[in-house]
Amino acid sequence: MNYELLMLLVLILLGLSGSGKGTQAELLARKFGFEYIAMGELLRREIKKKTKLGKKIYKIINIKGQLVLDKITTKIFANHFIKKLKNQKKIILDGYPRTLEQVKELEKIFKKQKIKNFFALYIKISEAEAVKRLSGRLVCQKCQTIHFPGDIACRKCGNKLIKREDDTPKKIKTRLAWGKKKLAPVIRYYQKLGRFLEINGETEVGMVHKEIVKKLKRYLQNVF
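Residues numbered from 1 in each chain as written. Predicted model: local features only at pLDDT ≥ 70, side-chain atom pairs only at ≥ 80, totals over all residues. Heavy atoms only, no water.

## Quick look at the nonpolar core
Argument step 1. Counting residues in hydrophobic clusters, the biggest one holds 35 residues, and the most contacted among them are Val10, Ile12, Leu14, Phe77, Phe81, Leu93 and Tyr190.
Argument step 2. When sequence neighbours within four positions are dropped, the list of residues in contact with phenylalanine 81 reads Val10, Ile37, Ile91, Leu93, Ile109, Phe110 and Ile115.
Argument step 3. Counting 19 residues, the second largest nonpolar core, distinct from the first, contains Leu11, Ala25, Ile212 and Val213. (Core = buried A, V, L, I, M, F, W, Y, C linked by side-chain atoms within 4.5 Å. Buried < 20%, exposed > 50% of the residue type's maximum accessible area, 1.4 Å probe, protein only. Contact = heavy atoms within 4.5 Å.)

Right, here's the structure in full:
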């Protein structure tokens, strides 16, 4: 089945933490002009504001090592997403939806905004691979771009790389267990809809990107 470009296309990236969703989203954004919305970045912005909500999010992520509650993420996401709809034809979502509850909320947003063209892209890696990657992950102190071992400075702004507070072995395993449990029904949901593609995320970054583009071209011929 082919899905033609109507008024707006939304790509939903799914995968465990460390699967490379952010890296692949950036590549697609640069190459094909997608607007990239990263839920993690939106949450970090809220934390930086040091509001009551920001402090609550900080505690959930950095102290407990858990995912933020659905009602919080949905509120922050919806406000940002609706603002980005104006004059946008292609949008990538990274980190939302992560639970079936969020999927239902996203459906409500899509229905209200008359968005009918969307596709879920699952970048699959094993839990062991995720732990390995996250344990060595670094982030830019200034722009929060994620990097992995080998990078000395931020590829975007050249600033110092640091280790995230929530990337300790214990918090990583807690986050992965929580995420894996919540992600499974989301995957099944989009599979049943027939708007789902699975990508092997354990190969080199460039190879993952090529596989994504190749598979998407089969379904979205008017976009690529």
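We are not done yet, so read on.
## Points about the pattern of salt bridges
Argument step 1. Within the structure shown, the criterion is met by 13 salt bridges.
Argument step 2. Between arginine 137 and aspartate 167 there is a salt bridge; the shortest N-O distance is 2.9 Å. Pair noted here: arginine 137 is in the loop between helix H6 (127–135) and strand S5 (138–140) and aspartate 167 is in the loop between strand S7 (161–162) and helix H7 (169–193), with a separation of 30 residues, a long-range link.
Argument step 3. Through salt bridges with shared partners, a single ionic network connects Glu26, Arg155 and Lys156. (Salt bridge = Lys/Arg side-chain N within 4 Å of Asp/Glu carboxyl O. Helix = DSSP H or I, 4+ residues; strand = E, 2+ residues; numbered from the N terminus.)

## Here we look at the confidence of the model for the protein
Argument step 1. With 95% of its residues at a pLDDT of 70 or more, the protein shows a mean pLDDT of 87.
Argument step 2. Every residue in residues 1–6 scores below 50 in pLDDT, and together they form 19 contacts with partners more than four places removed in sequence or on other chains. (pLDDT = per-residue confidence, 0-100.)

## A short note on helix H1 (residues 21–32)
Argument step 1. Compared with an ideal rise of 1.5 Å per residue, which puts 12 residues at 16 Å, H1 spans 16 Å between its outermost C-alpha atoms and is within 8% of the ideal.
Argument step 2. Those residues of H1 not exposed but buried are Lys21, Gln24, Ala25, Glu26, Leu28, Ala29 and Phe32.
Argument step 3. Tucked inside the fold, the buried residues of H1 contact strand S1 (9–14), strand S2 (35–38), strand S3 (90–94), strand S4 (117–124) and helix H8 (205–219).
Argument step 4. Note on H1: the residue one or two positions beyond its end, glycine 33, has a positive phi of about 80°. (Expected span 1.5 Å × (residues − 1).)

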